[in-house]
Amino acid sequence: MSTANALQFTPTRTAALESMAAFVPHMGRDYASRRNYDLRANGHAGVSRLSPYIRHRLLSEQEVLTAALSRFSLSSAEKFVQEVYWRTYWKGWLEMRPGVWSQYREGLRAARDKLATQSGMRADWEAACRGETGIDCFDAWANELSTTGYLHNHARMWFASIWIFTLRLPWELGADLFLRQLLDGDPASNTLGWRWVAGIQTPGKTYLARADNIARYTEGRFNPVGQLASTADPVDAPIVPQRGPAPAGETPDPARATGWLLTEEDMLASFTPLPSAPPNAAPPAFVLDCTANRSPLAVAPLVTRFVKGALDDAISRHQNRFGSITHAERKPVAEQVLEWAKREGITQIAMPFVPVGAASDEISTLKPKLDAANIRLVPFMRPYDAECWPHATHGFFKFKENIPKFVAGLKGVHSI
Ligand SMILES: Cc1cc2nc3c(=O)[nH]c(=O)nc-3n(C[C@H](O)[C@H](O)[C@H](O)COP(=O)(O)OP(=O)(O)OC[C@H]3O[C@@H](n4cnc5c(N)ncnc54)[C@H](O)[C@@H]3O)c2cc1C
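Residues numbered from 1 in each chain as written. Predicted model: local features only at pLDDT ≥ 70, side-chain atom pairs only at ≥ 80, totals over all residues. Heavy atoms only, no water.

In the annotation of an unreviewed UniProt entry, the chain is listed under the name DNA photolyase and assigned to Meridianimarinicoccus aquatilis.

Draft legend 1. Quick look at the site of the ligand. In the vicinity of the ligand there are 27 residues, among which Tyr31, Ser48, Arg49, Tyr150 and Asn153 approach most closely. Between a nitrogen atom of the ligand and a main-chain N or O atom of Arg87, the distance comes to 3.4 Å. In isolation the ligand has 810 Å² of accessible area, and contact with the protein removes 96% of it. Elements with a contribution of two residues or more to the shell around the ligand: helix H4 (51–55), helix H6 (78–95), helix H10 (153–166) and helix H12 (187–198). Here the shell around the ligand takes six residues from H6, the largest share from any one element. Residues belonging to the shell around the ligand are distributed by class as follows: 14 nonpolar, seven polar and six charged. Looking at which domains feed residues into the shell around the ligand, each of domain 1 (2–96 + 388–413) and domain 2 (104–217) gives three or more. (Near = heavy atom within 4 Å. Polar contact = N/O pair within 3.5 Å; in protein donor to acceptor, adjacent residues only side chain to side chain. Areas by Shrake-Rupley, 256 points an atom, 1.4 Å probe, with all protein chains shown as cover. Helix = DSSP H or I, 4+ residues; strand = E, 2+ residues; numbered from the N terminus. Nonpolar A, V, L, I, M, F, W, Y, C, P; charged D, E, K, R; others polar. Domains from an automatic or database assignment.)

Draft legend 2. Looking closely at the confidence of the model for the chain. Scored by pLDDT, the chain comes out at a mean of 93, with 95% of its residues at no less than 70. Low confidence marks residues 1–7, where pLDDT is under 50. Its contacts with residues over four positions away, or in another chain, come to five contacts. (pLDDT = per-residue confidence, 0-100. Contact = heavy atoms within 4.5 Å.)

Draft legend 3. Main features of the packing of aromatic side chains. Tallied over the entire structure, the rule returns 32 aromatic pairs. Each ring, one from Trp141 and one from Phe222, has its centre 5.6 Å from the other, and the planes form 70°; the classification is edge-to-face. Separated by 81 residues along the polypeptide, Trp141 in helix H9 (residues 136–148) and Phe222 in the loop between helix H13 (211–217) and strand E1 (258–263) bring together distant segments of the chain. Look at Trp141 and you get buried, because its relative accessible area is 0%. (Phe/Tyr/Trp six-rings, centres within 6.5 Å; stacked < 30°, edge-to-face > 60°. Buried < 20%, exposed > 50% of the residue type's maximum accessible area, 1.4 Å probe, protein only.)

Draft legend 4. Molecular detail of helix H11 (residues 171–181). Burial of H11 is extensive: 11 of the 11 residues sit out of reach of the surface. What H11 keeps buried is the set Trp171, Glu172, Leu173, Gly174, Ala175, Asp176, Leu177, Phe178, Leu179, Arg180 and Gln181. Lining the buried residues of H11 we find helix H7 (99–117), helix H8 (119–130), H9, H10, H12 and helix H14 (301–317).

Draft legend 5. Structural view of the UniProt feature "binding site: FAD" (unreviewed entry) in the chain. Here the UniProt-annotated "binding site: FAD" (unreviewed entry) positions come out as Tyr31, Phe80, Asp184, Gly185 and Asp186. These annotated residues cover 156 residues of sequence, and their C-alpha atoms reach 22.9 Å apart at the extremes, leaving them scattered rather than at a single site. Assessed through its relative accessible area of 8%, Tyr31 is described here as buried. Here Tyr31 is in contact with Phe23, His26, Gly46, Val47, Lys79, Phe80 and Glu83, once residues within four sequence places are set aside. Within the secondary structure, Gly185 is located in the loop between H11 and H12. (UniProt positions renumbered as here; feature names shortened; annotations may be inferred.)

Draft legend 6. Inspection of the nonpolar core at higher detail. Among the nonpolar cores identified, the biggest contains 109 residues, and Met27, Tyr85, Trp141 and Trp163 are the most heavily contacted of them. Sequence-distant contacts of Tyr85, defined by excluding residues within four places in its chain, comprise Leu65, Tyr384, Cys388, Phe396, Phe399, Ile403, Phe406, Val407 and Leu410. One finds Cys290, Ala334, Val337 and Trp340 within the second-largest nonpolar core, a separate group that totals 20 residues. (Core = buried A, V, L, I, M, F, W, Y, C linked by side-chain atoms within 4.5 Å.)

Draft legend 7. Structural detail: the pairing of strand E2 (residues 285–288). By the alternation rule, side chains of E2 split into Ala285 and Val287 and Phe286 and Leu288, which are all buried. Taken together, the four bridges between E1 and E2 define a ladder with parallel strand orientation. Among the inter-strand pairings, Leu262 is bridged to a residue of E2, identified as Val287. Strand direction decides the pairing type here: E2 and strand E3 (residues 325–327), joined by three bridges, are parallel. Bridge pairing in E3 places Ala285 opposite Ile325. Handedness of the β-α-β unit built from E2, H14 and E3 comes out right-handed. (Pairing = 2+ DSSP bridges. Right-handed = clockwise from strand over helix to strand, strands pointing away.)

Draft legend 8. Local environment of the sheet that holds strand E5 (residues 376–380). In space, the five strands of this open sheet follow the order E3-E2-E1-E4-E5, with parallel pairing throughout. In this open sheet, the two strands that pair with only one neighbour each are E3 and E5. Each strand of the sheet is rotated relative to its neighbour by a mean of 25°, with strand direction disregarded. Sheet strands in contact with H14 are E1, E2 and E3, and its direction is about 150° off that of E1. Packing against the sheet, helix H15 (residues 333–344) makes contact with E1, E2, E3 and strand E4 (348–352), and its axis sits at approximately 170° to E2. (Axes fitted to C-alpha atoms, helices over the stretch in contact; angles between N-to-C directions.)

Right, here's the structure in full:
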């Protein structure tokens, strides 16, 4: 089971495009009627399973939305389109409140300290991670997560709710388990998804998993009557830092010798207008994979293999665009990037914008060293992100009022 399921997420752009093409006919009313069902036996055919690709931008949100809207009207594909914009909304929300990511990391540190001193909690956490709690549905999802790297959205909601309100474990430890094991593990969707279930993101509004809801949407596969918490009090959390501005991209200086930094955050480097004419016909590239930094614990091999495969695929797809390729091999990475830049005579490093999360934490250690060496770091911002993210000021319901305007501009923005 594990191997077969793992193989369905082949980490290549070709596989991503094939998966998207196969799901396009279902992005309309089919999706609206089937999306809530967690049916592992049919391979979750009611949902797209595109998230590992979208998360690493082997597919862009824009491509997926354009595919949906080339086949269906906005009203027919409304549900699917809205889900894709949920992802965009979470990203924009976190970009303007990066302190919430730091709060999560701090909360995780505190929760791990408790594991070191409270043996009861440690035993419960280990049982939950291994899927040995005795709650059938939860244990099955823990197993599915660790063997496939994927969980259906409804299962993620139920799992998080049971973790927090039935097992009474710190939400940060659950978010960490997801980040270590999900192929699509994403700082924004994951952190804010867990906060939402815990009643932190929408203050006071928790998500309580109920046996009848689970029985209905798993078509009777599970029916955990009497096993789940019957109440869900919101979890305490620090105050959200004040919202800052949405990030802006920068423009490279055509006179500077340019290198390229490729991370796991955006594997469609070809979206950028990096000059392809001499003297930078084929700029050298440095590949920085920060997947291991998603967690203080070991990230699942399934995840690291997926990301490595996707980066290899990105490099081979961009063969004509990049010159020499250097991989980050050792810590501290910042020194290695600096050595590479000096060796290659680079005074400017271009990269697709790196959103808040493990990779941007790494980049922030690099930036002062580059500044000191007078090497510019130039993040390219996708027009799609630049347009949408600043609207994540309040809740999703306000954000989604902009969807008709966003989709009207999709084709004009850029092809990928
Ligand atoms: C506790 C919790 C943790 C989560 N962690 C992650 C995570 O680490 N990474 C991640 O990509 N998503 C996360 N999600 C969101 C969502 O569960 C997944 O994006 C979705 O299940 C992916 O499966 P799919 O591609 O088959 O989705 P589909 O239903 O086919 O949706 C299409 C696309 O829309 C986006 N999308 C759908 N639902 C959501 C949502 N609720 N929030 C944000 N984007 C959405 C995804 O990009 C997805 O690929 C989390 C949700 C919860 C409740």
